[in-house]
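This is what each chain is made of:
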Amino acid sequence: MAIRSNNHDYIFGNFLKILGVVLLLAALFMIQEALVSIIFAVALAYLLRPLVSLVQRIKIKKYQPSITAAVLWAYVLAGILIFLFIYYLFPPIIQEFNQLAKSFPHYLSDSQKIFSGFQRDYFAKIPRALKHTTEQSLSHFYNYLISFAEQGVQRIVSGISSILNWLLIPIL
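Before going into details, it helps to say that this report is about the structure given with it. Quick caveat, the model's predicted, so the values are computed rather than measured.

What follows deals with the overall build of the protein. Along the protein, the regular secondary structure elements total four helices and zero strands. When the helices and strands of the protein are placed in sequence order, the string is α-α-α-α. A compact globule built from 172 residues would reach a C-alpha radius of gyration of about 16 Å, whereas the protein, at 29 Å, exceeds it by more than 25%. Counting the 172 residues in the protein, one finds 6% classified as buried. In the protein, the share of contacts with a sequence separation of at least 24, taken over all contacts with a separation of at least 6, comes to 31%. In the structure as shown, the protein presents an accessible area of about 15400 Å², 71% of it carried by carbon and sulfur atoms.

A full pass over the atoms with the stated rule returns three aromatic pairs. With a centroid separation of 5.1 Å and an interplanar angle of 85°, the aromatic rings of Tyr87 and Tyr88 are classed as edge-to-face. Ring centres of Tyr144 and Phe148 lie 6.2 Å apart, and the angle between their planes is 25°; this geometry places the pair in the stacked category. Of this pair, Tyr144 and Phe148 both sit in helix 4 (residues 128-171), four residues apart, which is roughly one turn of that helix.

Now for helix 2 (residues 32-57). The end-to-end C-alpha distance of helix 2, which contains 26 residues, comes to 37 Å, matching closely the 38 Å that a straight helix rising 1.5 Å per residue would cover. The sharpest bend along helix 2 measures roughly 40° and falls at Leu48, with the proline Pro50 sitting one to four residues further on. Within helix 2 the residues assigned to the buried category are Leu44, Leu48, Val52 and Val55. Contacts made by the buried residues of helix 2 are with helix 3 (67-121).

Thresholds applied
- Residues numbered from 1 in each chain as written.
- Predicted model: local features only at pLDDT ≥ 70, side-chain atom pairs only at ≥ 80, totals over all residues.
- Heavy atoms only, no water.
- Helix = DSSP H or I, 4+ residues; strand = E, 2+ residues; numbered from the N terminus.
- Rg over C-alpha atoms; globule rule 2.2 N^0.38 Å.
- Buried < 20%, exposed > 50% of the residue type's maximum accessible area, 1.4 Å probe, protein only.
- Contact = heavy atoms within 4.5 Å.
- Areas by Shrake-Rupley, 256 points an atom, 1.4 Å probe, with all protein chains shown as cover.
- Phe/Tyr/Trp six-rings, centres within 6.5 Å; stacked < 30°, edge-to-face > 60°.
- Expected span 1.5 Å × (residues − 1).
- Bend = angle between axes of the 7 residues up to and from the residue.

Just geometry here; none of it tells us what the structure is for.
Right, here's the structure in full:
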């Protein structure tokens, strides 16, 4: 009898551990946006602390800025640095995207030529029953690539939105 009771206690203990982990993960999932904002705020405070200390040590005549003024100046300086970083970084990136957009039709026509050559040389030799299956597989692969690209664009836009949200919330 004692062995059976220990076995039930062991199973019940493991069940409680698993239930606790599942509940913890569910709670973290429910508060993920707030948690990410808090983590970003802590990281921002950690990164700006040396700048705040530097601004607070600066004395102009007899005036020494308060902690509030030092934080505001740190935000202003960080904003200027971010603006300059974006100002000098984004134009080359935008230029590369424009160049890609201009050359994309050329890439597309080249890939169509390659695929039509493949289709002419190899696809014509496939038996009829296998041809239908191959067409379906290629169609599924094409749909997968389209959905993958759409999800990638959605993640990029969502990431940019989150970053802007994190940067604007402390200001507003």
